[in-house]
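Take a look at the letters that make up each chain.
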Amino acid sequence: MVKLLSVAIISFLFSVPAMAAEEYEEHNSLMSHGDGHLMDMGGGMVMGQNADTLPGGCEEISETKEITVRAGHKYAEKFPGRMFAFDTQEFNFKPCTKLTVHFINDDNIRHQWMMHGLPKYLYPKGMFHLEVTGPAKISGTLILPPGDKTYLVHCDIAQHMEKGMKAQLKVGKGDGDLPSIPGVTDYAIQDDYSGIQSITAAAVAGNAGAQTAAPVAATKSVPAVAPEQKDESMISGMTVIGLAIGLLLAPFLARKFKGMSASEIVTYIFDLLRSAIELIVKFLSDLVKLVISSKNKTLPGS
């Protein structure tokens, strides 16, 4: 029994590293597409790999290095306002170093570790590129050029670099620092949230004032608005009628007043008004007489 327990414990202890090693799928069966471009159907890609050819100016490989770089959302938590990041933001190596990068993606999306500015005669498009989709691991090798220079390392997936997945790699002493490297250099465009509190307070105050003023405005506006709307409708109606009459009479008046002076036109208009008034008075007088005479009539047999 003791022997069985001992065997079980030993087997478990040896199986833990194996399980840990299998935590990430490793893309190590990549197909070559030429010019150091390796790729598989599982979302793994290596571009610009160079493990043998020395860059111009390198007489020999100065040293051989291996690094492991992890990428994911959790590494951005220490950088406020960032969404993605590498676990390391700055690297430094001697010129002519043979460097192998083991790139691990901790997220369930695609990430890249891209290095720009390499000599194009040796690295197509001047780039070394590692890419993997989902939680997985991929490795690639390059030989760093001679000289002191700072190279950009980033993820080129849309907005990933802008959201924090960016680093710098210095060969030798480098030639300065790159901007907006999280935790290393200041951001080129600083996030500014100073105005949010004042804007929010103003919006809240405005909403509160509108809510308290709404009932008062509602009670006062109803009786005042109704007559104004009525008057406006009456005026607009009379205006329309007047315009219609004017349009109908315009041709007649134009012919009637043709050749007349201004004083003659005024006299003619007053004569028309006088005649119209006389007709109205006569009509009203006749109407009154008719009403009075009808009242004075007696019914037959009364």
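The model shown is predicted, which means the values in this text are computed figures rather than measured ones.

## Let's talk about the confidence of the model for the protein chain
Here comes step 1: Taken over all residues, the pLDDT of the protein chain has a mean of 79, while the share at 70 or more is 71%.
Here comes step 2: Overall, residues 16-22 carries pLDDT values under 50, and its contacts beyond four positions in sequence, including any with other chains, amount to zero contacts.
Here comes step 3: A low-confidence stretch, residues 221-230 (pLDDT under 50), is modelled with zero contacts involving residues beyond four sequence positions or located in other chains.

## A word on the state of the cysteines
Here comes step 1: Overall, the coordinates contain one disulfide when judged by the stated rule.
Here comes step 2: A sulfur-sulfur distance of 2.1 Å marks the disulfide that ties cysteine 58 to cysteine 96. Handedness of the cysteine 58-cysteine 96 disulfide follows from its S-S torsion of about -90°: it is left-handed. One end of the pair, cysteine 58, is in the loop between strand 4 (45-47) and strand 5 (64-72); the other, cysteine 96, is in the loop between strand 7 (90-93) and strand 8 (98-105), and 38 residues separate them in sequence.
Here comes step 3: Judged by its relative accessible area of 8%, cysteine 58 is buried.

## What about the pairing of strand 8?
Here comes step 1: Buried residues dominate strand 8, accounting for seven of its eight residues.
Here comes step 2: Strand direction decides the pairing type here: strand 5 and strand 8, joined by eight bridges, are parallel. Counterpart to isoleucine 67 in the pairing with strand 8 is valine 101.
Here comes step 3: Here strand 8 runs beside strand 11 (residues 136-143); their pairing, made up of eight bridges, is antiparallel. The residue bridging threonine 100 from the neighbouring strand is threonine 141, located in strand 11.

## Looking at the pattern of salt bridges
Here comes step 1: Taken as a whole, this structure holds eight salt bridges when the rule is applied.
Here comes step 2: For arginine 110, the salt bridge identified is with glutamate 131, shortest N-O distance 2.8 Å. Of the two residues, arginine 110 is situated in strand 9 (residues 110-116) and glutamate 131 in strand 10 (residues 127-133); the sequence distance between them amounts to 21 residues.
Here comes step 3: A relative accessible area of 37% means that arginine 110 is categorised as partly exposed.

The rules behind each value
Residues numbered from 1 in each chain as written. Predicted model: local features only at pLDDT ≥ 70, side-chain atom pairs only at ≥ 80, totals over all residues. Heavy atoms only, no water. pLDDT = per-residue confidence, 0-100. Contact = heavy atoms within 4.5 Å. Disulfide = S-S within 2.5 Å. Helix = DSSP H or I, 4+ residues; strand = E, 2+ residues; numbered from the N terminus. Buried < 20%, exposed > 50% of the residue type's maximum accessible area, 1.4 Å probe, protein only. Pairing = 2+ DSSP bridges. Salt bridge = Lys/Arg side-chain N within 4 Å of Asp/Glu carboxyl O.

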